[in-house]
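Given next are the chains, with one letter for each unit.
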Amino acid sequence: MSIPDGIAHQPRSGDRLRPTGCPEPAEGAQAVGQRQKARQPRRGERDNCVRAFALLCLLSTAPSVIHAQVTFERLLNSSKEPQNWMTYSGDYSGKRFSSLDQINTTNARAMVAKWVYQTGATGKLETTPLVVDGILYATAQDNRAFALDARTGRPIWMYQRQIPGDIRPCCGRVNRGLAILGDKVFLGTLDAHVIALDAKTGSVVWDVIAADYRTGHSFTVAPLAVKDLVVIGVSGGEYGVRGFIDAYDAATGERKWRFYTVPGPGEVGHDTWEGDSWKVGGAPAWNTGTYDPATNQIFWPTGNPAPSNRGEGRAGDNLYSNSLLALNAESGKMNWYFQFTKHDEHDWDATQVPVIIDAGGKHLIAQANRNGFFYVIDRTTGKLISANAYGKTTWSDAKDSEGRPVPNKNASPTQEGHTVCPGALGTTNFMAPTYDPQAGLFYVTARDQCDIFSTAPQPYEAGHAFYGSAYFPSEEAEPYRGFLKAIDPVTGQVKWKFEHTSPTWSGVLSTAGGLVFSGDAEGNFIAFDAASGKPLWHFQMGGAVYAAPMAFAVDGKEYVAIAAGSAIYAFGLP
Amino acid sequence: MSQKQPGRPKVQESPAQNVFSRSRIPLVIHLVILLFSAALGSYADDRNPLAGDAKAAKAGEYEFRINCALCHGLGARGGGRGPDLTRAVKKHTHSDGDMFQVISNGIPGTAMPSNGTNGQGVGMTDEEIWQIITYIRSQEVKAPARPMGNAARGKDLFYGDANCSLCHMIDGKGGRLGPELTSVGGSRTREAIIDSVRNPSRRLAWGLTEATKEFPQEYESVTVGTADGKEIKGVTLNEDNFSVQIMDSGEQIHSLEKDKLRSFRKSRESAMPKYGVDVLSDKDLEDIVAFLTSVGTK
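Keep in mind it's a predicted model, so treat the numbers as computed, not measured.

Rules used in this analysis
- Residues numbered from 1 in each chain as written.
- Chains lettered and ligands numbered in written order.
- Predicted model: local features only at pLDDT ≥ 70, side-chain atom pairs only at ≥ 80, totals over all residues.
- Heavy atoms only, no water.
- Helix = DSSP H or I, 4+ residues; strand = E, 2+ residues; numbered from the N terminus.
- Buried < 20%, exposed > 50% of the residue type's maximum accessible area, 1.4 Å probe, protein only.
- Areas by Shrake-Rupley, 256 points an atom, 1.4 Å probe, with all protein chains shown as cover.
- Disulfide = S-S within 2.5 Å.
- Pairing = 2+ DSSP bridges.
- Axes fitted to C-alpha atoms, helices over the stretch in contact; angles between N-to-C directions.
- Parallel < 35°, antiparallel > 145°, perpendicular 65-115°, else oblique.
- Left-handed = near helix turned anticlockwise from the far one by under 90°.
- Contact = heavy atoms within 4.5 Å.
- Salt bridge = Lys/Arg side-chain N within 4 Å of Asp/Glu carboxyl O.
- Nonpolar A, V, L, I, M, F, W, Y, C, P; charged D, E, K, R; others polar.
- pLDDT = per-residue confidence, 0-100.
- Phe/Tyr/Trp six-rings, centres within 6.5 Å; stacked < 30°, edge-to-face > 60°.
- Lys NZ or Arg CZ within 6 Å of the ring centre and 35° of its normal.

S.K.: Kindly report on the overall build of chain B, identifying the contributing residues and their values.
M.R.: Within chain B, the secondary structure is distributed over eleven helices and seven strands. Counting all 298 residues of chain B, 44% fall into the buried class. Total accessible area computed for chain B in this model is approximately 16100 Å², and 55% of it derives from carbon and sulfur atoms.

Take a look at the structure:
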């Protein structure tokens, strides 16, 4: 098979879309940004199209810094503007912590819904919105992106890139959000494009093809803007792609570097793959990493080796699958790596957000891993400090000399089926965790579920699912259990847990108001006391939660927002 | 360069095309066969080109595990929500062509989805579907499964001495506390039905399924104490972190907020009594299974 390489520029012809039913703009209107706005053709035809003019009205009443460019310096110093949420996890450290405290343990009970925005999308809505200077930017399924007035939820622009009928997303036509830098927002699409949109109009500024979607490449991740680069990782571990992390020039879309997460011939780690298995080795990079300005390192996690549930044919550790990579931001060169699950056969992607924590004078990075262990690593050296189970695990009873849990001999899938905990969905998964520096606790959504793994060998065929074994819920009568857990990263111990009615896919937010926010599978959005785990407030949103919450403020008022069902909800005090 | 990779268009291909496109048959013969297939029209669509091929059955077994076994069980003998496919007589399909249609398009009104709609990419190729059909055929029991009991007598027992209809409804007749059973005989194996009568708590039945929720509600037993000192016993119709909807043994529905209750106890001990052989003989139970099967496979 040939592995796609290089990028093809697709100059501005992309499907810059209007809301359904909007007519194509005139040929001459294919220009970008402000010019496009100035040449709005045929007024009557476009009346129904939600477009940027509302923005102008909004701006005249808006406070202070509206419209300043989102510079790298602003992203670096995001703690100075807690009213804004400018990256997927709220800041470069991945803490998903808001220092807003207007909503707090004493008044959370009074919270009310302020607005709801219906995206019109179906399936799982996994987006985390960004908010900058009163404008909320978010995504939805099927290559949608939009900007809303963060006070009212009213749309300012909407974009949708027409989706090919034969795309190959692993697990739903989902997207987890945007990055913002300068006057642009950045979107990865299900058909493997990286697209820059004008932040004020949603017009396509540049559009590049990172890889061929027909061979199973796609983007679901929220990109991360660092310096003048847009960093993004590919999905496709279920299709035998060769994973990579790309960095694009935010101004032009030119690709500045690509780090293949599976080393090629002659590269260090190549010998951890049997024969040609590296060519279809997987190790996708489908969740957003973090950035440490002090050492200029990007920390990006990687997913399962392919085929995801069968080790036969790819003997070896299969680097750099299921690893945390420390990459130099400018060059994309790797400083160190840490592999959580070697030679994985249970689909335990290590793609959970790696959270930068400073505790006890140590520079740490922590990850609640899908394999059921909570890892704390020295982020300067990549050396493991501790690994403790935070959920039901049966696959490892021992640790190696570095302290890394190692699999038991009988943990592999078998012909007749073998039960392993956690199951293929993991103790946690893509749901974003949070670290509250005030409480000193790491909060994560967890589940106890065991699966039977049964071999089902498949040959590799480009663009086809490539699992290698099947998994089913275990026959044990015990139902699956879902939790919100508070972990002390210093001891690795679970300090409190809240058991949900059923497992949830919601991420978690913590705030300086002493609150932790998360959602449940039954559609509730819940405020917890960060210290005790006691629910203080809830609201029934009418749709299951697959997204992570975030917080922002406009006009001095704090809001907490989350996606549920097909909609985005914003909550605040009355 | 990246756009040169030809993705094999799969969904659009006819079964015959698909199978032959992977073979090494010269193009001319390929075309002749295609024309021949086209001339025969529906004949080609109904015939499994892989019928009886042991290698295809093996490949089909693995495809079955990955795509079907979650509901239909390893070995195709039925699972928590899919019927036993090893029965020679199936409710929705007779020919291989029917089966191909059902796998491709799903069955409206049931949990059976159409191929490629689970959000996981483009679904199975036509060839893979035929492999699965070949596998299923290889697993079928040779003789049609004939009910071992007497359906007429089973009906009398169901509505009479065995008391099933106090809690279960069939075709609009019976009680509401337990699962409705009209189609159970078509979707569950004899062994599964017998087990759920003899050991009702081993696997609780599934109730309400919400579109965006991962798990259906189970028929859990529940006992609550209300603020005004009443005790309510019943089964959960639905539940979330803050509220619960209960049907009590008198078929009254209670909607309750958990934080207003004095006590809330759930149990995985089914509200259905355990029918041992002392209460219901093996023969009586076979008669009831025969009745359920006769209704469920109608």
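S.K.: For the state of the cysteines, give the residues involved together with the corresponding values.
M.R.: Tallied over the entire structure, the rule returns two disulfides over all chains. Bridging Cys170 of chain A to Cys171 of chain A, the disulfide has an S-S length of 1.7 Å. Note on Cys170 of chain A: relative accessible area 18%, which makes it buried. Judged by relative accessible area, Cys171 of chain A falls into the partly exposed class, the value being 35%. There is a disulfide in this structure between Cys421 of chain A and Cys450 of chain A, and the S-S distance comes to 2.2 Å. Judged by the torsion about the S-S bond (100 degrees), the Cys421 of chain A/Cys450 of chain A disulfide is right-handed. Of the two residues, Cys421 of chain A sits in the loop between strand S26 (418–420) and strand S27 (434–436) while Cys450 of chain A sits in the loop between strand S28 (441–448) and strand S29 (451–455), which places them 29 residues apart along the sequence. The cysteine Cys71 of chain B is free of any disulfide, with Cys68 of chain B supplying the nearest cysteine sulfur at 9.0 Å. Residue Cys164 of chain B stays outside any disulfide, its sulfur separated by 9.3 Å from that of Cys167 of chain B, the closest cysteine.

S.K.: Tell me what's going on with the pairing of strand S18 (residues 323–328) of chain A, and back it up with residues and numbers.
M.R.: Residues and elements named next belong to chain A. For S18, the buried fraction is high: five of the six residues fall into the buried class. Where S18 lies against strand S19 (residues 334–339), five bridges are found, and the strand directions are antiparallel. Each bridged residue has a counterpart across the sheet, and for Leu327 the counterpart in S19 is Met334. Linking two consecutive strands that pair antiparallel, namely S18 and S19, is a turn of five residues; a positive phi of about 75 degrees is found at Gly332 within it.

S.K.: Just give me the short version of the packing of helix H10 (residues 190–198) of chain B against helix H11 (residues 282–296) of chain B, but keep the residues and values in it.
M.R.: Residue and element names in this part refer to chain B. Across the interface, H10 lies against H11 with an axial gap of 10 Å and an inter-helix angle of 125 degrees. For the element pair H10 / H11, the angle class is oblique. Like other packed secondary-structure pairs, H10 and H11 cross with a definite hand, here right-handed. Across the interface between the two elements, Arg190, Ile193, Ile194, Val197 and Arg198 from H10 touch Asp282, Leu285, Glu286, Val289 and Leu292 from H11.

S.K.: How would you explain unusual backbone geometry if you had to name every residue and give the values?
M.R.: Residue and element names in this part refer to chain A. Backbone torsion omega between Ala306 and Pro307 reads -5 degrees, so that peptide bond is classified as cis. Relative to the helices and strands, Pro307 is located in the loop between strand S17 (297–301) and S18. Of note, the bond from Cys421 into Pro422 is cis; its omega dihedral lies within 30 degrees of zero at -5 degrees. Among the structural elements, Pro422 can be located in the loop between S26 and S27. Of note in the backbone geometry, Lys227 takes a positive phi value of approximately 55 degrees without being a glycine. Checked against the element boundaries, Lys227 lands in the loop between strand S12 (224–226) and strand S13 (229–233). In this structure Lys227 comes out as partly exposed when scored by relative accessible area, which is 26%. Backbone geometry at Asn296 places phi at a positive 55 degrees, although glycine is not the residue there.

S.K.: Can you tell me about the interface of chain B and chain A, naming the residues and giving the values?
M.R.: Taken together, the 37 residues of chain B in the interface contact 59 residues of chain A. Linking chain B to chain A there are one salt bridge. A salt bridge links Arg447 of chain A to Glu214 of chain B; the shortest N-O distance between them is 2.8 Å. Only helix H4 (54–67) and helix H5 (69–72) of chain B provide two or more residues apiece to the side of chain B that touches chain A. Sorting elements by how many residues they give to the side of chain B that touches chain A places H4 of chain B first, with six residues. Grouping the amino acids of the side of chain B that touches chain A by side-chain chemistry returns nine nonpolar, ten polar and 18 charged.

S.K.: A description of the confidence of the model for chain B should follow, citing residues and the corresponding values.
M.R.: All names here are of chain B. Chain-level pLDDT for chain B is 82 on average; 81% of the residues reach the 70-or-more range. Counting contacts from residues 1–26, a segment whose pLDDT is below 50, to residues more than four positions away or on other chains yields 58 contacts. Within the model, the stretch residues 33–44 combines pLDDT values under 50 with four contacts to residues more than four positions away or in other chains.

S.K.: Please give an account of the sheet that holds strand S31 (residues 481–487) of chain A that cites residues and values.
M.R.: All names here are of chain A. Reading across from one edge, S27-S28-S31-S32 is the order of the four strands in this open sheet, with antiparallel pairing throughout. On the outer flanks of this sheet lie S27 and strand S32 (494–499), each paired with one strand and no other. Within this sheet the neighbouring strands show an average axis-to-axis angle of 30 degrees, counted without direction. Summarising the sheet, S28 and S31 pair through seven bridges and their orientation is antiparallel. When the sheet's bridge partners are listed, Val444 is paired in S31 with Lys485.

S.K.: An account of the packing of aromatic side chains is requested, with residue identities and associated values reported.
M.R.: Under the counting rule described, the total for this entry stands at 36 aromatic pairs over all chains. An aromatic cluster is built from Phe338, Phe340, Trp348, Phe373, Tyr375 and Trp395 of chain A, whose rings are joined through pairwise contacts. Taking NZ or CZ as reference, Arg242 of chain A lies 3.9 Å from the ring centre of Tyr260 of chain A, over its face. For the cation-ring pair, Lys173 of chain B lies above Tyr159 of chain B, with the distance from its terminal atom to the ring centre recorded as 4.5 Å.

S.K.: Which residues make up the sheet that holds strand S4 (residues 130–132) of chain A, and what values do they have?
M.R.: Residue and element names in this part refer to chain A. With respect to topology, four strands assemble into an open sheet ordered S4-S5-S6-S7, the strand pairing being antiparallel. The sheet is open, and its two edges are formed by S4 and strand S7 (155–160), each paired on a single side. Between one strand and the next, the sheet's axes are offset by a mean angle of 15 degrees, whatever the strand orientation.

S.K.: Give a description of the side chain of Glu522 of chain A that names residues and reports values.
M.R.: In this fold, Glu522 of chain A is placed in the loop between strand S34 (515–519) and strand S35 (524–529). Of the residues examined, Glu522 of chain A reaches a relative accessible area of 6% and is grouped as buried. Excluding residues within four positions of it along the chain, Glu522 of chain A makes contact with Thr501, Ser502 and Gln540 of chain A together with Lys213, Glu239 and Asp240 of chain B.

S.K.: Please provide a residue-by-residue account of the pattern of salt bridges, values included.
M.R.: Summed over the entire model, instances satisfying the criterion amount to 45 salt bridges over all chains. Residue Asp207 of chain A is joined to Arg161 of chain A by a salt bridge in which the shortest nitrogen-to-oxygen separation is 3.7 Å. Of the two residues, Asp207 of chain A sits in strand S11 (residues 204–209) while Arg161 of chain A sits in the loop between S7 and strand S8 (179–181), which places them 46 residues apart along the sequence. By relative accessible area, which is 2% here, Asp207 of chain A ends up buried. A salt bridge links Arg258 of chain A to Asp246 of chain A, with the nearest nitrogen and oxygen atoms 2.6 Å apart. In this pair, Arg258 of chain A is assigned in strand S15 (residues 255–260) and Asp246 of chain A in strand S14 (residues 244–249), connecting sequence segments twelve residues apart. Neither Arg258 of chain A nor Asp246 of chain A differs from the other in exposure class; each is buried. Overlapping salt bridges bring together Glu218, Glu220, Glu239, Lys258, Lys266 and Arg268 of chain B as one network.

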